[in-house]
Each structure stands twice: as C-alpha cells, then as structure tokens.
Amino acid sequence: MPIWIYILASVIKSAIVLLVLLTAVAYTVWLERKVVGRMQNRWGPTRVGPFGLLQPAADGIKFLFKEDLTPPHVYKPLFLAAPLIAVVFALTSIAVIPFGNSITLFGYSFPLQITTDVNTGLLLILGVTSIGVYGVALAGWSSNNKYSLLGGLRASAQMVSYEISLGLSLVGVLILAGSFSLTDIVHAQQGHFWGFIPHWNIFVQPVAFFCYLMAAYAETNRIPFDLPEAETELVAGYHTEYSAMKFAMFFMAEYANMITVGCLATLLFLGGWNGPIFGPAIVQALLPVLWFCAKVFVFLFIYIWVRGTLPRFRYDQLMAFGWKFLLPLALVNLIATAIAVAW
Amino acid sequence: MVPLSYYLVLSGILFACGVTGFLIKRNIITIFMSIELMLNGVNLSFVAFAAHWHTLSGQVFVFFVMVVAAAEAAVGLAIIISVYRTRETLNVDQVNLLKL
Amino acid sequence: MISVHLVLFLVFGAIAVAGAVNLLVQRHPINSALSLIAVMAALAGEYLLLGAEFVAAVQVIVYAGAIMVLFVFTIMLLNAGEEERTQGSRVAFMFGIPGMLLGSLLVAWVVLKHSGTEAVNAGVWDSASIPARSVPGSPETIGPLLFHEFLLPFEITSILILVAIMGAVVLASRPTAPGGPPQKVKD
C-alpha cells in the first residue's frame, strides 16, 4: 500500500491504542481497589460516582495538583528521566501486540497492530522488558537516599533474574508454533481437541504457563514478589522520594506492564483472539478483539486475586525461588517439549 | 544505498573512540566500558562484512563475540569489586603496585 | 543518491558517534554508562539496516539489557564519583587524542579511497532457503547455522560462561574467615 496510507493508519492505530491503554491503566487501578476491598470484606471506592467509577479521574486530578517536591541533593538529570524511562518502555511494547486478524478497508488490508506483523515480535518485547529495568535502577540511585538505593538495586536484581525464566518459559511455545511472530503463534492455536477443548497452549504447556505466571509477577513487582515496593520495607523502595506526577508515572508504568504481560499471556497461552465467531459481518470483524479483551481481563483478575490472597516473599526466598526452582523447571519444560516434538 | 566503506569508517570511529577512552580515562569502570565500545565497533564491522559477502557466518560470530564480552564483563567487574575492597579507590593511577 | 537507507544510516551513525564522544567527555561514570547504552541502541538500528534482525534483538536484550545493567549496578554499589585530573591523565590527553585522531583519519581516508560505491546489501545471498517473509538474518536462518556448523564454538562458549559465573561468584564474595583458610589440626 502507498506509504502515506500506511503512516496515516499507523498514527490512527497508535492514537486509539494509547487512549484505550491509558484508560485501561486507570480502570485497572479501580478494579484492583474494588476487588481487593471486597476480598477484605469492605466496599472499596464507592463515593466518587456510581460504584466509585470516577475515582481514577479524582486520583488523576489529585496527582496533577499535588506539590512536586525535588529533594535538594538528588542527581537531577536522572531523577527527572527515570520515571520517563519507566513509562516510555512500559508503553512501547504495545506496538507489536496484535489485537485481532487483519481487517480489510477500502481495498487495503490493515493488520490490527500498530506495526505490521513483525517477524521477531516476541524478541522485541523481551528486549523492551530488559531495558525497562533501567527506570527502576536509576530511580533508586539518583534519589541520594540509602533506602531508595537498596530498594532500587533489589528491584532491578529481581527483574533481571526473572527475565531468564520468562524467556525460557516462552521457548516451549516457540517450538510448538515454529515462529517468533505473534500472529503466527495465535494462528497455531486454532482448532479443538476432541471437539470441545480449544487448542490453546495453556493445555499443551501447563508448566510453561506456571513459569510464565510466576516470572510475570516478579517482573511487574507484584505480590507475592513486591518486596521492593512494600510499604513496611525500605520505606517505599525506589520511589520513596518521588511525589505527584512522577510517582503517578511509576504507578502508570507498573499497571501498563501488567496489561502488556496480560496481553502477551493471552497471545501465547490463552489462544489470542480465537473464539466462537457468529453474527453479521461487522460483528464478525470486531468479535476477535472482544475475545482478546475478555481474556486479558480474566488474566488481570487473576493478578488482582493473587494480590489479595498471598503474603509476600522475603528477598532471599524470592531469589532462591527464581534461580533454584523456576529456572530449572523452565529448562526441564524446554527439554521435554523439544523431545516430544522431535519424536 | 550505503556502500560498505561507510560502515567500516563508522566502525573505525567507534573503535578509535574506545582506544582513546582506554588511554585517557583514569576510572577503572570507564576504562572497561571503553573496551566494550571497542568490541561493539568490531561487531559492526563483522555484520557489515556478512552483508557484503552474503554469508551468515559474520552474524553468528557477532553472537559469539557478545557471549565472550558478557563473560568478560562479569569476571572483570568482580575483579574491580575486589580491587575496590582492598585498595579503596577506583583510580588506576593509584593501583600501580603489585603488592598491597 | 539520497535514499532512506542512507538517511537512516547517517541518523543511527550520528547517535552512535555522539554517544561514543560523550563517553569520553563525561567525568562521571554513570553518564558514560548511559552514553554507551545509547551507542548500543544505535548499533542495534544499524544491524537492522544490514538485515541482521536476530543479532539486533540479541544486542538489545544481552548487551544493552544485561551487560550494561551489570555495569550500572557496579557503579551504583561502589558509589563511583567524578574523576580527578592527575599527572598521568594529562600526558595521555596530550598525546593520546591527537594520535588517535590522526590514526583514525588515515584509516578512514585509505578505506574510502580504495573501495567502490555499490550498496552493501546488493546481490544474491548464498542460502537459497531463506523463507519467503524473512530477511537473511532472521532466526530461522541463523538457528541451523548455529547448531550445525558452529556447534563446537557454541558448546565451548557455554562452558566459558559457566566458568565465568563461577569465577565471578568466587571473586566477588567476601572472605569467610580473617587470616585465610582453616588449617588442619595435627597431633
């Protein structure tokens, strides 16, 4: 297709996806507060709008008007840049995530992802996750505060350690699909076993899904792996000295990472946008996107459910779990999958 | 289109910057980073030649260079940490005695 | 002739050279580390221009995302401060920089004078089995090469990494007892 149509389509897709993603980040916060509140036998936000639905808007306005403190002896360039790094790389990996099949408009076929179908989409996401560690490490160091430094070092060591298990758990899926392209991996999960069990990778690779789930919790610094930012440990870890908008950026980066990890889990393990298709043509074009969003919602609900239920690991238990249990498990899964496929 | 020589000149510039950093810097960690810069310049040269001669062996060799650089970085940084523990300084001009 | 390849090459090349020069100019090691990360990212872009997408991805994941994290950790843990000027560094300044400038200009002049102007990517690749949708450097083409022809170097580098891990753990650990290893009691 001509280059200007491609650029226009990419700009429109970027705008829509960013808008939806930022709204989803805000309302994931609301969902978490409601669900965790109900699990703890209390209401959660109810006053601001019906069912507290305007609470994210109130929080956003609060963050905008809060006083933005910069402590005197911080290393200014990195202090200001670290939240930006965290947010930018949390939002970048959405660029290669496909939300549905290609749709055909005006004679051109547009893939439902911001870029076209990238050959090495999975490697790109792993790369962006690796760079996201810098936001946390530099925030902890530039705050000129021993609690922030230790919190930042702990958090980045945890993220780097669990990246390995994350990558290895995905290799089993890659062997089954034969390609790094996310669209190909979703197409490889079409069909059913015995007529009713869908051909999703979660049924074929349950161990890999478990490894991915644990590594995802550790990468996004969520319970049970949220020691670096727990309130009773190291004050507040790497974002102790941040206030107002910069703290909101870290918050946004954490929830955007959660959503990205959820989208990736949906594409790789839960069958992507495969689901029953019915209805007239316009509904048929949009139904895959709805299935995709429904599966991401289920994944986020499990995230929040685990947050309300489990206690957190101590740091040495956390590192031992990552290196001594999860990594060998992912390797064994890889070897077993390779042997099963080569047989 | 871009001729091969442009890539080689860029690779040479990066390598020269790495050597310059190795010579003029006094902090051990910065010297080590100049070594990594030299290795990156060489990697670019490998990939450019792989594209020029249309073989993939150049790219596979870049893979091995990266692996060796990773191993060297790990051991080198561990040595730097031990040197810091005994000498309390990161300045190479003050680490010039073979005994403590 | 101005083409998109040339423009992108110049953009990434400018970022790489600017990062390299910034590494030399900055006094604090953390700024040098961040400049080096910028150089590596720009080089990943250059690798993509040369059709090496797997190498570009590995450059970002391994080099910029793991090795440089090690460097940044060390700089933070050892609390490395800014550099001071000493006698040795002034001498190196006076002789090193003009020397390197002269050497690199000479090499650049020789290379540019004695080479053609054809594009680096022109021509046919020898592995005729490149899958339809991928570039020559995609994982499907590098994988068989890595595990068939280059299997021995691959296995040797895995042993090398294992040895490096063990060495790093031993070197960086604190000595357990003052005065060295315990002596065997003989009587």
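Given the structure is predicted, the values throughout are model-derived calculations rather than measurements.

Asks: Before we move on, can you summarise the overall build of chain C with the specific residues and values?
Replies: Helices and strands together make up the secondary structure of chain C, namely six helices and zero strands. Going from N to C terminus, chain C has its helices and strands arranged as α-α-α-α-α-α. Nonlocal contacts in chain C, meaning residues at least 24 apart in sequence, comprise 54% of its contacts between residues at least 6 apart.

Asks: Which residues make up unusual backbone geometry, and what values go with them?
Replies: All names here are of chain A. A cis amide bond, omega 5°, links Ile-223 with the succeeding residue Pro-224. Inspection of the secondary structure assignment puts Pro-224 in the loop between helix H9 (206–219) and helix H10 (244–268). Look at Asn-41: it is not a glycine, yet its phi comes out positive at around 60°. On the secondary structure map, Asn-41 appears in the loop between helix H1 (3–39) and helix H2 (55–65). On the basis of neighbour count, Asn-41 is assigned to the exposed category, with 6 C-beta atoms found within 10 Å. Look at Phe-51: it is not a glycine, yet its phi comes out positive at around 55°.

Asks: Pulling in residues and values, what's your account of the interface of chain C and chain A?
Replies: Contacts between chain C and chain A engage 16 residues on the former and 16 residues on the latter. Broken down by element, the residue count for the side of chain C that touches chain A peaks at 12 residues, all from helix H3 (residues 53–77) of chain C. Looking at the side of chain C that touches chain A, its residues break down into 11 nonpolar, three polar and two charged.

Asks: Tell me about the interface of chain C and chain B, residues and numbers included.
Replies: The accessible area lost on association of the parts is a frequent measure of interface size. At the interface, 79 residues of chain C touch 59 residues of chain B. Among the secondary structure elements, those contributing two or more residues to the side of chain C that touches chain B are helix H1 (4–25), helix H2 (29–49), H3, helix H4 (87–113), helix H5 (139–148) and helix H6 (151–172) of chain C. For the side of chain C that touches chain B, the element with the most residues is H4 of chain C, which contributes 13 residues.

Asks: Residues and numbers for helix H1 (residues 4–24) of chain B, please.
Replies: Across its 21 residues, H1 of chain B extends 31 Å between first and last C-alpha, which sits within 8% of the 30 Å expected from 1.5 Å per residue. Most of H1 of chain B is tucked away, with 17 of its 21 residues classed as buried.

Asks: Give me the lowdown on the confidence of the model for chain C, citing residues and values where you can.
Replies: Residue and element names in this part refer to chain C. Put simply, chain C has an average pLDDT of 83, and 83% of its residues get 70 or more. Per-residue pLDDT, averaged within each element of chain C, yields its smallest value for H4 (81) and its largest for H2 (94). A low-confidence stretch, residues 182–187 stays under pLDDT 50, and its non-local contacts, those more than four residues away or across chains, total one contact. Across the assembled chains, the prediction reports ipTM 0.92 with pTM 0.89.

Asks: Account for the environment of Leu-105 of chain C, with residues named and values stated.
Replies: Considering the arrangement of structural elements, one finds Leu-105 of chain C in helix H4. Residues Leu-105 of chain C and Ala-64 of chain C, 41 residues apart in the sequence, show an inter-C-alpha distance of 29 Å.

Asks: Got a sec to walk through H3 of chain C? Specific residues and values, please.
Replies: Residues and elements named next belong to chain C. Here H3 is 25 residues long and its end C-alpha atoms lie 34 Å apart, about the 36 Å a rise of 1.5 Å per residue gives. Most pronounced at Gln-59, the bend in H3 amounts to some 30°. Positive phi shows up at Asn-79, right after H3, with a value of about 50°.

Asks: How would you summarise the packing of H1 of chain C against H2 of chain C if you had to cite specific residues and measurements?
Replies: All names here are of chain C. Remark: H1 packs on H2, axes separated minimally by 8 Å, with the N-to-C direction vectors making an angle of 160°. Classified by the angle between their axes, H1 and H2 sit roughly antiparallel to one another. In the crossing of H1 with H2, the sense of the turn from one axis to the other is left-handed. For the pair H1 and H2, contact is made by His-5, Leu-8, Phe-9, Phe-12, Ile-15, Ala-16, Gly-19, Ala-20, Asn-22 and Leu-23 and by Ser-32, Ser-35, Leu-36, Ala-38, Val-39, Ala-42, Leu-43, Gly-45, Glu-46 and Leu-49, respectively.

Asks: Help me get a handle on the domain arrangement of chain C, residues and values and all.
Replies: Domain assignment breaks chain C into domain 1 (1–82) and domain 2 (139–172). Measuring from the centre of the C-alpha atoms in domain 1 of chain C to the corresponding centre in domain 2 of chain C gives 23 Å.

Asks: Any chance you could break down the nonpolar core for me, citing the residues and the numbers?
Replies: Note that soluble globular proteins tend to have their nonpolar side chains buried in a common cluster. If you look at the biggest cluster of nonpolar residues, it comprises 166 residues, and the most contacted ones within it are Ala-86 and Tyr-212 of chain A, Val-47 and Ala-48 of chain B together with Ala-33 and Met-68 of chain C. By residue number, the principal contributor to this core is H3 of chain C, which donates 16 residues. Split by domain, the residues of this core number at least three in each of domain 1 (1–82) and domain 2 (139–172) of chain C. Aside from chain neighbours lying at most four places away, what touches Ala-33 of chain C is Met-33 of chain B together with Met-68, Phe-71, Val-72 and Ile-75 of chain C.

Asks: Can you break down the packing of helix H6 (residues 146–177) of chain A against H3 of chain C residue by residue, with the values?
Replies: Contact geometry for H6 of chain A and H3 of chain C: axes closest at 12 Å, N-to-C directions at 160°. Between H6 of chain A and H3 of chain C, the interaxial angle falls into the category roughly antiparallel. Crossing of H6 of chain A over H3 of chain C shows left-handed handedness. Together, Leu-149, Leu-153, Ser-156 and Val-160 of chain A of H6 of chain A and Ala-66, Val-69, Phe-73 and Met-76 of chain C of H3 of chain C make up the contact between the two elements. Counted by class, the contact of H6 of chain A with H3 of chain C contains seven nonpolar, one polar and no charged residues.

Here is what the cut-offs are and how they apply
Residues numbered from 1 in each chain as written. Chains lettered and ligands numbered in written order. Predicted model: local features only at pLDDT ≥ 70, side-chain atom pairs only at ≥ 80, totals over all residues. Helix = DSSP H or I, 4+ residues; strand = E, 2+ residues; numbered from the N terminus. Contact = placed C-beta atoms within 7 Å. Buried ≥ 20, exposed ≤ 12 C-beta atoms within 10 Å, placed from the backbone. Nonpolar A, V, L, I, M, F, W, Y, C, P; charged D, E, K, R; others polar. Expected span 1.5 Å × (residues − 1). pLDDT = per-residue confidence, 0-100. Bend = angle between axes of the 7 residues up to and from the residue. Axes fitted to C-alpha atoms, helices over the stretch in contact; angles between N-to-C directions. Parallel < 35°, antiparallel > 145°, perpendicular 65-115°, else oblique. Left-handed = near helix turned anticlockwise from the far one by under 90°. Domains from an automatic or database assignment. Core = buried A, V, L, I, M, F, W, Y, C linked by C-beta atoms within 7 Å.

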